[in-house]
Amino acid sequence: MSADRVGAPPRAWQRMLSGRRLDLLDPSPLDVEIADIAHGLARVARWNGQTSGDHAFSVAQHSLLVEDIFSTIQPGALPDARLAALLHDAPEYVIGDMISPFKSAVGGGYKAVEHRLQRAIHLRFGLPPESDEKLKREIKRADQIAAYFEATMLAGFSVTEATQFFGRPRGISPDRFDFACKPAKAVQAAFLKRFAAIEKLRNG
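Take the nonpolar core next. Counting 57 residues, the largest nonpolar core has I37, I69, L87, Y93, F125 and F191 as the members making the most contacts within it. Contributions of two or more residues to this core are made by α1 (34-41), α2 (59-73), α3 (79-86), α4 (92-95), α6 (108-124), α7 (133-153), α8 (159-166) and α9 (184-203). In terms of residue count, the dominant contributor to this core is α7 (nine residues). Apart from residues lying up to four places away in sequence, I37 is in contact with V32, A90, Y93, I121, F125 and F191.

If you want it as structure tokens, here you go:
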């Protein structure tokens with residue numbers, strides 16, 4: 001039975017462990033907490049959980065990987081750009097991770113909610129509500145490289161399949177990155193540690 005009262009408007013907010021109530025349709029930056037983001041992302045599985053290993057490869061671990069790849073291929077990137085890379089999938093802490101084919105099938109409704117959440121997250125942490133197009137492309141490139149490595153090393157894709165969908169990375173090796181699927185609490189702590197390190201650079 002639904003917890004919503006009969007005749008009442010549908011509930012659009014998510015209660016967070018921090019005590020915040022985050023309105024998914026009209027999110028306020030004041031209700032965004034990094035602890036909630038880290039907790040949620042560490043428990044959302046990439047690839048719908050269809051990865052090898054004893055633990056899911058979480059969105060938090062993917063986010064750390066993307067920021068690491070981004071910083072590797074953009075060594076002169078400013079701390080704000082590195083934070084944007086770390087938070088590129090942050091809305092998924094409340095709306096989950098959908099594989100790309102399903103996102104396409106769902107259409108604009110999902111993307112609109114995701115976009116509003118991303119804006120609120122950026123504003124909460126002092127980033128521009130919209131990243132400029134150049135930065136978006138650079139983060140997307142790092143995201144695609146991460147997806148290729150994850151697909152071939154964890155999700156059972158052949159090199160041919162992964163190349164078709166994500167492009168084959170050039171000039172960057174997976175050897176320097178960590179793809180071991182880790183427990184949620186360990187990844188949550190690593191995400192918070194990296195966030196704190198970037199914040200220190202931003203405030204330094």
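Structure's up, so let's keep going.
Of note, the phi angle at W47 is positive, near 60°, even though the residue is not glycine. Note on placement: W47 falls in the loop between α1 and α2.

Geometry of a packed helix pair, given as the angle between the helix axes and the separation of the axes. Remark: α2 packs on α9, axes separated minimally by 9 Å, with the N-to-C direction vectors making an angle of 35°. Classified by chirality, the crossing of α9 by α2 is left-handed. Contact with α2, carried on its side by A60, Q61, S63, L64, E67 and S71, involves V187, A190, F191, R194 and I198 of α9 and no other residues of that element.

Where two aromatic rings form a pair, the distance of their centres and the angle of their planes describe that pair. Tallied over the entire structure, the rule returns eight aromatic pairs. The interplanar angle of 85° and the centroid separation of 6.0 Å between the aromatic rings of F149 and F179 together place this pair among those described as edge-to-face. Of the two residues, F149 is situated in helix α7 and F179 in the loop between α8 and α9; the sequence distance between them amounts to 30 residues. Under the relative-accessibility criterion, F149 is labelled buried at 4%. With a relative accessible area of 8%, F179 lands in the buried category. An aromatic cluster of at least three residues, connected via ring pairs, comprises W47, F157, F165 and F166. Just above the ring of W13 sits the side chain of R21; from NZ or CZ to the centre is 4.1 Å.

Here the structure, examined in full by the defined rule, presents 14 salt bridges. In this structure, R176 engages D68 in a salt bridge whose closest nitrogen and oxygen atoms are separated by 3.3 Å. Of this pair, R176 sits in the loop between α8 and α9 while D68 is found in helix α2, placing the two residues 108 residues apart along the sequence. The exposed category is assigned to R176, whose relative accessible area is 52%. Taking the shortest distance from any N to any O, the salt bridge between K182 and D178 comes out at 2.3 Å. According to the relative accessible area criterion, K182 is partly exposed, its value standing at 29%.

Quick notes on the rules
Residues numbered from 1 in each chain as written. Predicted model: local features only at pLDDT ≥ 70, side-chain atom pairs only at ≥ 80, totals over all residues. Heavy atoms only, no water. Core = buried A, V, L, I, M, F, W, Y, C linked by side-chain atoms within 4.5 Å. Buried < 20%, exposed > 50% of the residue type's maximum accessible area, 1.4 Å probe, protein only. Helix = DSSP H or I, 4+ residues; strand = E, 2+ residues; numbered from the N terminus. Contact = heavy atoms within 4.5 Å. Axes fitted to C-alpha atoms, helices over the stretch in contact; angles between N-to-C directions. Left-handed = near helix turned anticlockwise from the far one by under 90°. Phe/Tyr/Trp six-rings, centres within 6.5 Å; stacked < 30°, edge-to-face > 60°. Lys NZ or Arg CZ within 6 Å of the ring centre and 35° of its normal. Salt bridge = Lys/Arg side-chain N within 4 Å of Asp/Glu carboxyl O.

In short, the description is geometric, and any link to function would need to be established separately.
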